[in-house]
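Per-entry structural report
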Amino acid sequence: MKVITALTGHTDPRRYGEPVLLVVHHTGSFSLASALQELGRRKLSYHYVIEQDGLVWKLAPVAEAARHAGVCERADGRIRPVNQRSIGVAWVGGVTESWRPTTWQMGALQELAAELRRGTPSLRYVAGHKDLTRRKVDPRSVDVEELARITGLEAWRRETA
Ligand SMILES: [Zn+2]
């Protein structure tokens, strides 16, 4: 797996311990360049972005909390912040409703997740951004069960503590 590092700097220190949740997004853009432009404008960042050909860009160190998701809505109605205890990965794409990640993007997530699980043993769950909040639709066409199969992590549920 080829990884190119280009840190955005849009992170905060991790204050509440090691990451337990992997959150998968789509960027909502056709290209990496426009995704980076949007992240820069909004002072946001994923930890990793995966291009259509499977090339992986590292935008933030896992040891820091990247600003990739806001809050999750739990089954008991409680709202919890997500970034502190999570790692964020985004596939480039998702602009059209019929969008699916490419085979290469799927493969790269599989490899990246295996590497993250080795490097971060606290990682236990995976969720799509849309599973955390009704305000989001990303990643399109991929549900949490499929994410769990790809990443080898447990599917996060709104009931999950
Ligand atoms: Zn998202």
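Remember, it's a predicted structure, so these values are computed and weren't measured experimentally. (Residues numbered from 1 in each chain as written. Predicted model: local features only at pLDDT ≥ 70, side-chain atom pairs only at ≥ 80, totals over all residues.)

Quick look at the sheet that holds strand β1 (residues 3–5)
Pairing is mixed in the open sheet, where seven strands are placed in the order β1-β5-β4-β9-β3-β10-β11. One side of each edge strand has no neighbouring strand; the edge strands of this open sheet are β1 and β11 (154–155). Pairing of strand β4 (residues 48–50) with strand β5 (residues 56–58) involves three bridges; the strand directions are antiparallel. Bridge pairing in β5 places Val-49 opposite Trp-57. Contacts between helix α4 (residues 144–151) and the sheet are confined to β3 (21–26), β10 (125–128) and β11, with β10 contributing the most and set at about 135° to the helix. (Pairing = 2+ DSSP bridges. Helix = DSSP H or I, 4+ residues; strand = E, 2+ residues; numbered from the N terminus. Contact = placed C-beta atoms within 7 Å. Axes fitted to C-alpha atoms, helices over the stretch in contact; angles between N-to-C directions.)

Here's the deal with unusual backbone geometry
Between Asp-138 and the following residue, Pro-139, the backbone shows a cis peptide bond with an omega angle of -5°. Tracing the backbone shows Pro-139 in the loop between α3 (129–132) and α4. Residue Lys-43 is not a glycine yet carries a positive backbone phi of 60°. Along the polypeptide, Lys-43 turns up in the loop between α1 (32–42) and β4. Overall, Lys-43 belongs to the exposed group, with 10 C-beta atoms counted inside 10 Å. Look at Ser-141: it is not a glycine, yet its phi comes out positive at around 65°. Mapped onto the secondary structure, Ser-141 falls in the loop between α3 and α4. (Buried ≥ 20, exposed ≤ 12 C-beta atoms within 10 Å, placed from the backbone.)

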